[in-house]
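Architecture at a glance
The lines below spell out each chain.
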Amino acid sequence: MKIKYDGRYYGVVGKSNAVVVPFIYDEILRTFSSGLINVCKNDKWGCLDLEGNVVIPIGYDWIAPFGKDVLSTSNVRKNGKWGILNRRGEEIIPCIYDEEIVFKDNCAIVSKNGKMGIINKKGECLIHCCYSYLKPFVNSSKLFKVTRNNKYGVVDIMGDIITPLDFDEIGELYGEAIVVKRDGLY
């Protein structure tokens with residue numbers, strides 16, 4: 001299969017130049033190995049199967065290419081918000097987040113309406129989006145520095161408060177100790 005340009009639009013042709021995807025698209029990504037073809041029309045994206053059938057209707061601001069694995073998912077943006085689709089076009093995680101979703105250790109830091117939280121791969125909230133800052137400690141993927149109302153604290157992966165949010169600064173985690181600052185004192 002090859003992507004071709006007719007001078008105005010893109011399409012895909014198969015063996016013996018048979019048209020597989022009609023020449024109606026503004027852009028086509030070479031994503032054949034995933035089993036889906038990312039297509040763009042009027043600045044909106046969708047996906048076709050290798051026979052040219054619509055799998056994910058055009059309507060997204062962006063659809064990242066799917067992987068080769070049949071269980072792979074894709075980051076998508078719709079109306080300026082990010083979510084995740086499966087290969088059938090079902091939103092596993094709805095397009096409600098401010099930034100692209102990147103998973104590490106089966107969870108992702110997300111932001112919604114300028115507030116940060118954590119979700120798992122099913123889209124379930126582990127930590128609700130209520131912090132202006134949320135970052136894991138370098139030495140721990142289960143504890144997080146958080147900020148709300150210009151005060152720092154520590155929460156665990158389930159959102160339970162480990163230290164209250166009443167510090168001016170929080171340093172790194174050293175074993176089981178954390179350097180904190182409050183009212184100018186460490």
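Scroll up to find the structure.
Notes on the structure in this doc start here. Remember, predicted model here, so these are calculated numbers, not experimental data.

Things to note about unusual backbone geometry
One non-glycine residue, Asn42, adopts positive backbone phi at about 55°. Note on placement: Asn42 falls in the loop between β5 (36–41) and β6 (44–49). Backbone geometry places Asn113, a non-glycine residue, at a positive phi of 55°. Position of Asn113 among the secondary structure elements: in the loop between β12 (107–112) and β13 (115–120). Judged by relative accessible area, Asn113 falls into the exposed class, the value being 65%.

Overview of the sheet that holds β13
Pairing between the strands of a sheet is mediated by backbone hydrogen bonds and can be parallel or antiparallel. Pairing is antiparallel in the open sheet, where 3 strands are placed in the order β12-β13-β14. Only two strands of the sheet have a single neighbouring strand rather than two, namely β12 and β14 (125–131). For this sheet, the mean inter-axis angle between neighbouring strands, taken without regard to orientation, is 20°.

Details of the sheet that holds strand β10 (residues 81–85)
The antiparallel open sheet is built from 4 strands, whose spatial order is β8-β9-β10-β11. Pairing within the sheet leaves two strands with one partner each, and these edge strands are β8 (62–63) and β11 (91–97). The pairing of strand β9 (residues 74–78) with β10 spans 5 bridges and is classified as antiparallel. The partner of Arg77 across the bridge, within β10, is Trp82.

Quick notes on the packing of aromatic side chains
Per the stated rule, a full pass over the model turns up 3 aromatic pairs. Judged by centre distance (4.6 Å) and plane angle (40°), the ring pair of Tyr5 and Tyr10 falls under tilted. For Tyr10, a relative accessible area of 29% gives the class partly exposed. Cation over ring: Lys78 sits above Tyr60, and NZ or CZ is 5.0 Å from the ring centre.

Thoughts on the pattern of salt bridges
For the coordinates displayed, the defined rule picks out 8 salt bridges. Between Lys44 and Asp61 there is a salt bridge, and its shortest N-O distance comes to 2.6 Å. Within this pair, whereas Lys44 is found in strand β6, its partner Asp61 is found in the loop between β7 (54–60) and β8, the two being separated by 17 residues in sequence. For Lys44, a relative accessible area of 29% translates into the label partly exposed. The residue Lys81 makes a salt bridge to Asp98 at a minimum N-O spacing of 2.6 Å. Taken together, the positions of Lys81 in strand β10 and Asp98 in the loop between β11 and β12 put the pair 17 residues apart, joining distant regions of the chain. On the accessibility criterion, Lys81 (26% relative accessible area) is partly exposed. Through salt bridges with shared partners, one network takes in Lys44, Asp61 and Arg77.

About the thresholds
Residues numbered from 1 in each chain as written. Predicted model: local features only at pLDDT ≥ 70, side-chain atom pairs only at ≥ 80, totals over all residues. Heavy atoms only, no water. Helix = DSSP H or I, 4+ residues; strand = E, 2+ residues; numbered from the N terminus. Buried < 20%, exposed > 50% of the residue type's maximum accessible area, 1.4 Å probe, protein only. Pairing = 2+ DSSP bridges. Axes fitted to C-alpha atoms, helices over the stretch in contact; angles between N-to-C directions. Phe/Tyr/Trp six-rings, centres within 6.5 Å; stacked < 30°, edge-to-face > 60°. Lys NZ or Arg CZ within 6 Å of the ring centre and 35° of its normal. Salt bridge = Lys/Arg side-chain N within 4 Å of Asp/Glu carboxyl O.

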